[in-house]
Amino acid sequence: MGNEASYPTEMCSHFNHDEIKRLSKRFKKLDLDCSGSLSVDEFLSLPELRQNPLVQRVIDVFDTDGNGEVDFEEFVVGTSQFSVRGDEEQKLRFAFSIYDMDKDGYISNGELFQVLKMMVGNNLQDWQLQQIVDKTIIILDRDGDGRISFEEFSAVVGNLEVHKKLVVIV
């Protein structure tokens, strides 16, 4: 896992040294098997995350090397997006990336359906959810390409001030 002092400052530009030390302690507590990385099960050991239907998506976004686990550097960089010093665009990009499952820079009809399905579970029938997805795409897709770009997403979600809710105190 390495020493938190050994990471370059650009990696954790939104955190000061004391915050990095606190993140390191939290990471080590979560790393139940002392492997130097966090698995889905280790994340789910936090009671506040157990019931969150999007935990797997957040882990997928944090896991930049795609190995299925989050190492300390990925943890710091991922958590940094929620810093009170993080900027609005960075927070909006994080929210966008939850939906952009294939990381192609767009939210497709299928991706929106999958993420919303995670959130609503079986509370809606698939045909009802598909109607919501289709209508959402029609409303947000300003250039008519059948998908939602970051700019189209930001134009709507940015006005909701979601970035103000995506904050964690370290």
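Keep in mind the model is a prediction, meaning the values are calculated, not measured. (Residues numbered from 1 in each chain as written. Predicted model: local features only at pLDDT ≥ 70, side-chain atom pairs only at ≥ 80, totals over all residues. Heavy atoms only, no water.)

Draft legend 1. Inspection of a positive patch on the surface at higher detail. Together, K21, R22, K25, R26 and K29 make up a region of like positive charge exposed at the surface. Here K29 is to be found in helix α1 (residues 17-30). (Patch = residues over 30% accessible without salt bridge, like charges linked within 9 Å, V, L, I, M, F, W, Y side chains within 5 Å. Areas by Shrake-Rupley, 256 points an atom, 1.4 Å probe, with all protein chains shown as cover. Salt bridge = Lys/Arg side-chain N within 4 Å of Asp/Glu carboxyl O. Lys, Arg positive; Asp, Glu negative; His and termini not counted. Charge placed at Lys NZ, Arg CZ, Asp CG, Glu CD. Helix = DSSP H or I, 4+ residues; strand = E, 2+ residues; numbered from the N terminus.)

Draft legend 2. Layout of the UniProt feature "domain: EF-hand" (unreviewed entry) in the protein. Here, UniProt's "domain: EF-hand" (unreviewed entry) annotation points to residues 50-85, 87-122 and 128-163. In residues 50-85, helix accounts for 50% and strand for 6%; the two terminal C-alpha atoms are 27 Å from one another. (UniProt positions renumbered as here; feature names shortened; annotations may be inferred.)

Draft legend 3. Inspection of the pattern of salt bridges at higher detail. Taken as a whole, this structure holds four salt bridges when the rule is applied. When the shortest N-O distance is used, the salt bridge between D60 and R57 registers 3.2 Å. Residue D60 and its partner R57 are both found in helix α4 (residues 55-62); the two are separated by three residues, about one turn of the helix. For R147, the salt bridge identified is with D145, shortest N-O distance 3.2 Å. With relative accessibility at 33%, the residue D145 sits in the partly exposed group. (Buried < 20%, exposed > 50% of the residue type's maximum accessible area, 1.4 Å probe, protein only.)

Draft legend 4. Inspection of the environment of D71 at higher detail. Turning to its location among the elements, D71 is positioned in strand β2 (residues 70-71). Using a relative accessible area of 27% as the deciding quantity, one classes D71 as partly exposed. The sequence separation of D71 and L38 amounts to 33 residues, and the corresponding C-alpha distance is 6.3 Å. Among all residues touching D71, those that are not within four sequence positions of it are F27, G36, S37 and D65. One polar contact links the side chain of D71 to the main-chain amide nitrogen of E73, over a distance of 3.1 Å. A polar side-chain atom of D71 sits 2.8 Å from the main-chain amide nitrogen of E74. (Contact = heavy atoms within 4.5 Å. Polar contact = N/O pair within 3.5 Å; in protein donor to acceptor, adjacent residues only side chain to side chain.)

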